[in-house]
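Residue-level structural notes
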Amino acid sequence: MGYWGTGLYQNDVSDDVRETYLRALKDGNRNQEATDLVMEQCKDYLEDEDDCICFWIALADVQWEIGRLLPEVKKHALRCLERCSNDAKKTFPISRRSLTRLKEKLMRPQPPEKHIPKEHRYICPWKIGDVFAFQVGTVAFQEHPLYHHWIVIQKVRAIPWYPHHIIPVITIRYTPDENSPLLKDVSAYPFIPIAKRYEKEDEYGRPIGDFRWDYELGLTMTSKRNMPDTFFHLGELPAQMPENAYPQGRCPESGYFYANWRDIEELLLRKYDKFIC
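So, here is what we can say about the structure in this document. (Residues numbered from 1 in each chain as written. Predicted model: local features only at pLDDT ≥ 70, side-chain atom pairs only at ≥ 80, totals over all residues. Heavy atoms only, no water.)

1. Overview of the overall build of the chain
On a plain count of helices and strands, the chain comes out with 6 helices and 8 strands. Going from the N terminus to the C terminus, the chain shows its helices and strands as α-α-α-α-α-β-β-β-β-β-β-β-β-α. By the compact-globule yardstick of 19 Å for 277 residues, the chain is too spread out, its C-alpha radius of gyration being 26 Å. Reported as C-alpha extents along the three principal axes, the dimensions of the chain are approximately 75 × 45 × 30 Å. For the chain, contacts bridging at least 24 residues in sequence account for 66% of all contacts bridging at least 6. Entry remark: accessible area of the chain is about 15,700 Å², with carbon and sulfur atoms responsible for 50%. Of note, the chain has its 38 positive side-chain charges centred 6 Å away from the centre of its 42 negative side-chain charges. (Helix = DSSP H or I, 4+ residues; strand = E, 2+ residues; numbered from the N terminus. Rg over C-alpha atoms; globule rule 2.2 N^0.38 Å. Contact = heavy atoms within 4.5 Å. Areas by Shrake-Rupley, 256 points an atom, 1.4 Å probe, with all protein chains shown as cover. Lys, Arg positive; Asp, Glu negative; His and termini not counted. Charge placed at Lys NZ, Arg CZ, Asp CG, Glu CD.)

This is the structure:
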């Protein structure tokens, strides 16, 4: 358990339990369902002596605050608080003052149940390997070499996006001519790189040395309405990546580059001009 103070939620277990429980309510679960969900997702905490105490007192506190304290949660929490008060020698990350105040609170009637509004959460339904295409047709780009060519995108993985959405990560290809793309030909279409990933930096933070191409782009879609009508589904293929590609899936700490639908056409044409022309 990590902690940064002696308050009730100044440790990672209590904080995680509270956030998981509230997230379950905001996802539309009823109180018992949310409680069962947090017990399942945080079950590892229940197997540790100290973590178990933080789990039950945090869950009891947050439920009391919103008027949803369940009898069994209260019973577990009071039992944990009693254990802490009886063991004077026990070192515990939460101060005795905070524990005493919580015990006094739990013995009082809880406030009326508070309404927790359901939050919109979008999980992109695309499968890994789904392939889509759209034609470059914006008049502003009619002088561009790819005007009336087709951009072909493929989902290669999914990642979280603030606050609780799940968005696709895609790779991008382009057709060599204006003919409509065919699924059987997609593997032969050239990729458009998104960025260079350098292996080293100098003392000023400037990239130096060898680099590898990053072909992955996070597509920030938070609603099915974000997808323009000009896109169509070609089918599904095994997710593919060039041999020299930066291993983004194995290096998540490096972060992704992102774009939304509104800017994707302009962005990809700029990347084509920068890295291919």
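Read on for the rest.
2. A word on the pairing of strand E3 (residues 165–174)
The buried fraction of E3 amounts to 9 of the 10 residues, a majority that puts the element mostly inside the structure. Across 10 bridges, the pairing between strand E2 (residues 150–161) and E3 is antiparallel. In the strand pairing of E3, Pro160 is matched with Ile166. The antiparallel hairpin formed by E2 and E3 contains 3 residues in its connecting segment. Of the strand pairs in this sheet, E3 and strand E6 (residues 217–219) are connected by 2 bridges, and their pairing is antiparallel. Bridge pairing in E6 places Val169 opposite Gly218. (Buried < 20%, exposed > 50% of the residue type's maximum accessible area, 1.4 Å probe, protein only. Pairing = 2+ DSSP bridges.)

3. Things to note about helix H5 (residues 96–106)
Within H5, burial applies to Leu99, Leu102, Lys105 and Leu106. The buried residues of H5 all sit within an arc of 120° when viewed along its axis, so they share a single face. On the buried face of H5, the contacting elements are helix H3 (49–65) and helix H4 (71–86). (Arc of directions from axis to C-beta.)

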